[in-house]
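# Chains, contacts and geometry: an overview
For reference, the chains in residue letters:
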There are 2 protein chains.
Amino acid sequence: MVDYFNSRIFLNPNEIPKEWVNILPDLPSPMTPLLNPMDGKPAPFEMACAVFPKECVLQEVSQEPNIPIPNEIREIFAKTYRPTPLHRALGLERSLGIEGDDIQIFYKNESVSPTGSHKPNTAIAQAYYAKKQGLQELVTETGAGQWGSGLSFGCSQFDLKCIVYMVRASFLQKPGRKILMRSFNAEVHASPSRFTDSGKIFYEKNPDHPGSLGLAISEAVEHSLRSDKARYSLGSVVNFVLLHQTIVGQEAKIQLKKGGIQTPDMIIGCMGGGSNFGGLMLPFARDKINGITPDIDIIGVEPRACPSVCKGIYRWDFGDTAKRAPIAKMHTLGHTFIPSPIHAGGLRYHGIAPIISILHNNNILRAVMHHQTEVIEAGIKFANAEGIIPAPECAHAVKETIDQALKAKEANEKKVILFNFSGHGFFDLLAYKEFMTGNLIDYELPTDEIQKALNSSEMPNIDESQF
Amino acid sequence: MVDYFNSRIFLNPNEIPKEWVNILPDLPSPMTPLLNPMDGKPAPFEMACAVFPKECVLQEVSQEPNIPIPNEIREIFAKTYRPTPLHRALGLERSLGIEGDDIQIFYKNESVSPTGSHKPNTAIAQAYYAKKQGLQELVTETGAGQWGSGLSFGCSQFDLKCIVYMVRASFLQKPGRKILMRSFNAEVHASPSRFTDSGKIFYEKNPDHPGSLGLAISEAVEHSLRSDKARYSLGSVVNFVLLHQTIVGQEAKIQLKKGGIQTPDMIIGCMGGGSNFGGLMLPFARDKINGITPDIDIIGVEPRACPSVCKGIYRWDFGDTAKRAPIAKMHTLGHTFIPSPIHAGGLRYHGIAPIISILHNNNILRAVMHHQTEVIEAGIKFANAEGIIPAPECAHAVKETIDQALKAKEANEKKVILFNFSGHGFFDLLAYKEFMTGNLIDYELPTDEIQKALNSSEMPNIDESQF
């Protein structure tokens, strides 16, 4: 029976999980290290600590299966937006012609955070550790602005200075995100800028240079190294970020149980760097690895314009175009690959979190891909049924969820699907406008173009016997 | 002691109130009727029913102190966003140097609704009554777009068609709101349009005519009268809208008690047409009228550029510029008054809800006013302290709250302040940008200009002996 009064499952703030789930000790094949981009060797502890807050460096390689969440971090969560609700998507089910409880769709609603996505989950943690260490600044880069605004908010909660290098093309096209960051007192620079050596070379040749994420990373890293009171901050890909995001999956687990679901049959999330998908699925993936829920189907959704896992190769590559970020072993389309300008800016990354790659190699999860028109069409269906308009990134997960639900309906199967509603689309409505006016374009990535990108990327040759 | 884990007070969906609070039977002086703009006489029941859904017409004049909320409406609330949280503003208190529990600030967070404000509270109710009556369309006007998007969402939940006439200036300047409405399948027209006689006159002379709220009202009313399956919908001012909004104050009452507060000392809200302020304060105002809480201080906040209550006069006036909306007895600056272009578009109304006027005349509430620069400055302070960026309208309430809290601190008084956080500012970030770049302008309204507006408004002469 349809029961709207129990269709959103809440937790009390004191039920915020007290530990993060660290998947590293349970990985079916060993974790690969991050390497120094200068010499291709594992970065010594001290060197890593010059870049990131010390506690994050420790967490990056920790083998503890559970890592305590400091109470000060849980307090900020409790004060602002966590626990987030878990919704039974009764409106969406009805709009798909699904009745009864044979097929059940749930989504974890991370869009209720102050900046509208899951990003503050790690921003708050990183800001806390930086403050505790006596640091005064965190520096980062941002493309579309989700991560930059997340970190700006996180820093504002601990009276830390936040400096964001924002890709100039976005800086000009997305004024909303920029103003939001500045409202949280962040310092936002269009990249390339004249404030760093890395940026100046490009800025002086062309002050209107549109920039790239790779360049913005270079500027942020350089800026952070200038002061011993500053550190660099990352919003995805690395282990400690995925660790911080596991709060999402842990809450979902408790909430599903409250809703009478022992375990979902299927978990879906969109994949850019892999942090929202990792956050939701890792606590469930651990159970799958350990044989507790061997049959759970875990699906990451990529855009067809940037299918790192679906069409990339698994190898060592630089984390950024400018070869200043660490080298990681991951599925990659090559660090010089420039994805087509799809609206899901957060999914335009040439690589993926090494954790996701390893789980994919071991068949713990699988990857699929969709075109942006079908994705935005799914987003509109969702908005009408559930009342919340998804970000283009998040709409990738919505699209796959709808497909899977209809497939199960067709096959008369019972199925509980859980997906991550990673963010709302209030700052991305242009994608919806283009769809409604028939101007949204799809970009398919031909196999030979991928090969070309991979060939031209001059990927590093790493001697794995060294570690 | 600061306890972040209990700083947001939640209710379960089954605690959504089951009745609305109808203030009419408790008003200290009798309610004034709405009059037909054509002849200045009270509109007959049948005529009113040709304009609004029948149930709303009945509610407009009901003398029942409590009106049941149909379960179908409560279900949509439960499925989507209600009950909304009540926050203890611990971050804001700390940023004001307030410690301990002598001064406590609470805010009811209506920004968590799918369109970011309190507007869906009445949109869902009106859509439900329209559907139940067998209607197929609701037609409305919108200025900045908060109400239009609220009603679009409400209609999408009941598979009703929604038609919105949006003031062309906003239509062009605020594409986000327009796309949001269309994502909820609403039909949105720039006003003046070529689709109505009222619009055509202006459109044909100048297709780029910037429009006005008065004109958009005229178009919406005309459009709605074309089909007996369509009705007109209003987002503020009238009694039934304020009635629907009392769910806000009722939830807040229960939540305060859960937080150990018997009654607040002060209630604050911003006032445009009066619906968010009315929604929060009316359940408390009834207790004040009935001597249960005689000392509670109820404060409505207006912009200095449009101070209907603070500087207007109390008399009969048209609800709109074009004299097509009903005549009401209210505080007014004159129906031809065009407020300066402040960012708080929702507060740019020449009049106010008659209920608010009557309560003001009887000293149940008072009104204050602020400039937009001090208001946006308060909004930034709030964003940094609490993590949520207020809409410019809502920032008026924030400003007054901060002033009152600091006054109490100065005077060493104990005080519990409750205010309505009526909406977030994600679609209004330009106001913040202008403030940060020093380009935000204040508009004071000189008394002689008010007099001029009042004189030129040709306000109707009503013979009150007729009713």
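Quick note: structure is the one above.
A brief structural summary. (Residues numbered from 1 in each chain as written. Chains lettered and ligands numbered in written order. Predicted model: local features only at pLDDT ≥ 70, side-chain atom pairs only at ≥ 80, totals over all residues. Heavy atoms only, no water.)

## Focus: the side chain of Lys119 of chain B
All names here are of chain B. Under the convention used in this document: Runs of E in the DSSP output that reach at least two residues are strands. Runs of H or I that reach at least four are helices, and both are numbered from the N terminus. Each residue gets one of three labels from its accessible area relative to the maximum for its type: buried under 20%, exposed over 50%, partly exposed in between, using a 1.4 Å probe on protein chains only. Under the convention used here, Asp and Glu are negative, Lys and Arg are positive, and both His and the chain ends fall outside the count. Think of a salt bridge as a Lys or Arg side-chain nitrogen and an Asp or Glu carboxyl oxygen that are within 4 Å of each other. When checking whether two residues touch, look at their non-hydrogen atoms; a contact exists if any pair is within 4.5 Å.
Along the polypeptide, Lys119 turns up in the loop between strand 5 (103-109) and helix 5 (120-132). Put simply, Lys119 is tucked away with no salt bridge, and the nearest opposite charge, on Glu393, sits 8.8 Å away. With near-sequence residues (within four places) excluded, Lys119 lies in contact with Gln146, Trp147, Gly150, Gly235, Ser236, Gln245 and Ser275.

## Structural notes on the packing of helix 15 (residues 372-386) of chain B against helix 16 (residues 392-410) of chain B
All names here are of chain B. Inclusion rule: An axis is simply a line fitted to the C-alpha atoms; with a helix, the fit covers only the stretch in contact. Between two such axes, the angle follows the N-to-C directions and lies from 0 to 180 degrees. Should an angle fall under 35 degrees it is taken as roughly parallel, and over 145 as roughly antiparallel, whereas 65 to 115 is taken as roughly perpendicular and any remaining angle as oblique. Under the scheme applied, nonpolar residues are Ala, Val, Leu, Ile, Met, Phe, Trp, Tyr, Cys and Pro; charged residues are Asp, Glu, Lys and Arg; polar residues are all the others, including Gly.
As a packed pair, helix 15 and helix 16 sit with axes 8 Å apart at the nearest point and diverge in direction by 80°. One element, helix 15, and the other, helix 16, form an angle in the roughly perpendicular class. Here Glu374, Val375, Ile376, Ala378, Gly379, Lys381 and Phe382 of helix 15 lie close against helix 16, whose contacting residues are Pro392, Ala395, His396, Val398, Lys399 and Ile402. When its residues are assigned to classes, the contact of helix 15 with helix 16 shows eight nonpolar, two polar and three charged.

## Regarding the interface of chain B and chain A
Going by this rule: Buried area adds together the accessible area that both of two parts lose upon being put together, with accessible area traced by a 1.4 Å probe. N or O atoms closer than or at 3.5 Å make up a polar contact, with two conditions inside protein: a donor-capable atom paired with an acceptor-capable one, and, for residues adjacent in sequence, both atoms drawn from side chains.
Listed per partner, the contact involves 47 residues of chain B and 47 residues of chain A. Buried surface at the junction of chain B and chain A, summed over both partners, amounts to about 4200 Å²; 61% is from carbon and sulfur atoms. When residues of chain B are sorted by the area they lose upon contact with chain A, Phe5, Lys79 and Phe426 of chain B head the list and together hold 20% of the total. At the boundary of chain B and chain A, one finds zero salt bridges. Seen at the junction of chain B and chain A, the total is 12 residue pairs in polar contact (both at pLDDT 80 or more). Residues belonging to the side of chain B that touches chain A are distributed by class as follows: 23 nonpolar, 14 polar and 10 charged.

## Some words on the sheet that holds strand 6 (residues 137-142) of chain A
Residue and element names in this part refer to chain A. Our working definition: Strand pairing requires that DSSP identify at least two bridges connecting the strands.
Strand order across the open sheet formed by four strands is 8-7-6-9, with parallel pairing between neighbours. The open sheet has two edge strands, strand 8 (187-191) and strand 9 (230-232), and neither has a second partner. Across the sheet, the mean angle from the axis of one strand to that of its neighbour is 20°, orientation sign disregarded. Strands in contact with helix 8 (residues 175-183) are strand 6, strand 7 (161-167) and strand 8; relative to strand 7, the strand with the most contacts, it is inclined by about 170°.

## Things to note about unusual backbone geometry
Here Arg82 of chain B and Pro83 of chain B are connected by a cis peptide whose omega angle stands at -10°. Within the secondary structure layout, Pro83 of chain B lies in the loop between helix 3 (71-80) and strand 4 (86-88). Along the chain, Ser191 of chain B connects to Pro192 of chain B via a cis peptide bond; the corresponding omega equals 5°. Along the chain, Pro192 of chain B falls in the loop between strand 8 (187-191) and helix 9 (197-205). Although it is not a glycine, Asn185 of chain A adopts a positive phi angle of roughly 65°. Mapping Asn185 of chain A onto the fold places it in the loop between helix 8 and strand 8. When its relative accessible area of 57% is taken as the criterion, Asn185 of chain A is described as exposed.

## Quick word on the relation of the copies chain B and chain A
Between the two copies of the chain lies a rotation about an axis combined with a shift along it. The condition that has to hold: Copy-to-copy superposition: least squares on the C-alpha atoms, limited to residues that have pLDDT of at least 70 in both copies.
Note on the identical chains: chain B maps onto chain A by a rotation of 180° and an axial translation of 0.0 Å, with an RMSD of 0.0 Å. The two molecules are tied by a two-fold rotation axis, judged by turn and shift. When the interface residues of chain B are mapped onto chain A, 100% of them are again interface residues, pointing to one common binding face.

## Some points on helix 15 of chain B
Residue and element names in this part refer to chain B. Definition in use: A helix is expected to span 1.5 Å multiplied by its residue count minus one.
Helix length check: helix 15, at 15 residues, gives a terminal C-alpha distance of 20 Å against a target of 21 Å (1.5 Å per residue), a fit within 8%. The buried fraction of helix 15 amounts to 11 of the 15 residues, a majority that puts the element mostly inside the structure. Of all the residues in helix 15, the buried ones are Gln372, Val375, Ile376, Ala378, Gly379, Ile380, Phe382, Ala383, Asn384, Ala385 and Glu386. Positive backbone phi, at 90°, marks Gly387, one or two positions downstream of helix 15.

## Some details on the sheet that holds strand 11 (residues 297-303) of chain B
One key point about sheets: their strands pair by backbone hydrogen bonds, in either a parallel or an antiparallel sense. Residues and elements named next belong to chain B. Strand order in the open sheet formed by seven strands is 1-4-5-15-10-11-14, with mixed pairing between adjacent strands. With one partner strand each, in any of the chains shown, strand 1 (8-9) and strand 14 (366-370) form the two edges of the open sheet. Sheet analysis places strand 11 next to strand 14, joined by five bridges and oriented parallel. Residue pairing for strand 14: Ile299 is matched across the bridge by Arg366. Along the sheet, helix 12 (residues 275-289) makes contact with strand 5, strand 10 (266-270), strand 11 and strand 15 (415-421), crossing strand 10 at roughly 155°. Helix 15 contacts strand 4, strand 5, strand 14 and strand 15 of the sheet and is inclined by roughly 90° relative to strand 14.

## Looking at the packing of helix 12 of chain B against helix 14 (residues 354-361) of chain B
Residue and element names in this part refer to chain B. Here is the rule we go by: Less than a right angle of anticlockwise turn of the near helix away from the far helix marks a crossing as left-handed, whereas a clockwise turn marks it as right-handed.
The interhelical angle for the contact between helix 12 and helix 14, taken along N-to-C directions, is 40°, at an axis separation of 12 Å. Accordingly, the angle class assigned to the pair helix 12 and helix 14 is oblique. Crossing of helix 12 against helix 14: the hand is left-handed. For the pair helix 12 and helix 14, the contacting residues are Phe277, Gly278, Met281, Leu282, Ala285 and Ile289 in the first and Ile355, Ile356 and Leu359 in the second. Of the residues assigned to the contact of helix 12 with helix 14, the class counts are eight nonpolar, one polar and no charged.

## Looking at the side chain of Arg231 of chain A
Residue and element names in this part refer to chain A. As for its placement among the helices and strands, Arg231 is situated in strand 9. Despite being buried, Arg231 has no salt bridge partner; Asp228 is the closest side chain of opposite charge, sitting 6.5 Å away. If near-sequence neighbours (up to four positions away) are discounted, Arg231 is found in contact with Cys49, Ala50, Val51, Phe52, Pro53, Gln133, Leu135, Glu137, Leu138, Val139 and Ser224.

## A look at helix 5 (residues 120-132) of chain A
Residue and element names in this part refer to chain A. For helix 5, spanning 13 residues, the distance from its first C-alpha to its last is 18 Å, which sits close to the expected 18 Å at 1.5 Å a residue. Burial runs high along helix 5: 11 of the 13 residues are buried. Within helix 5 the residues assigned to the buried category are Pro120, Asn121, Thr122, Ala123, Ile124, Ala125, Gln126, Ala127, Tyr128, Tyr129 and Ala130. Just downstream of helix 5 lies Gly134, where phi reads positive at about 85°.

## Some thoughts on the pattern of salt bridges
Residue and element names in this part refer to chain B. Throughout the structure, instances matching the rule amount to 34 salt bridges over all chains. The closest approach of N and O atoms between Glu15 and Lys258, which form a salt bridge, is 3.3 Å. Placement of the pair is Glu15 in the loop between strand 1 and strand 2 (19-21) and Lys258 in helix 11 (residues 239-258), with a sequence separation of 243 residues. In this structure Lys258 comes out as partly exposed when scored by relative accessible area, which is 48%. Between Glu110 and Arg82 there is a salt bridge, and its shortest N-O distance comes to 2.8 Å.

In short, geometric facts, not functional conclusions.
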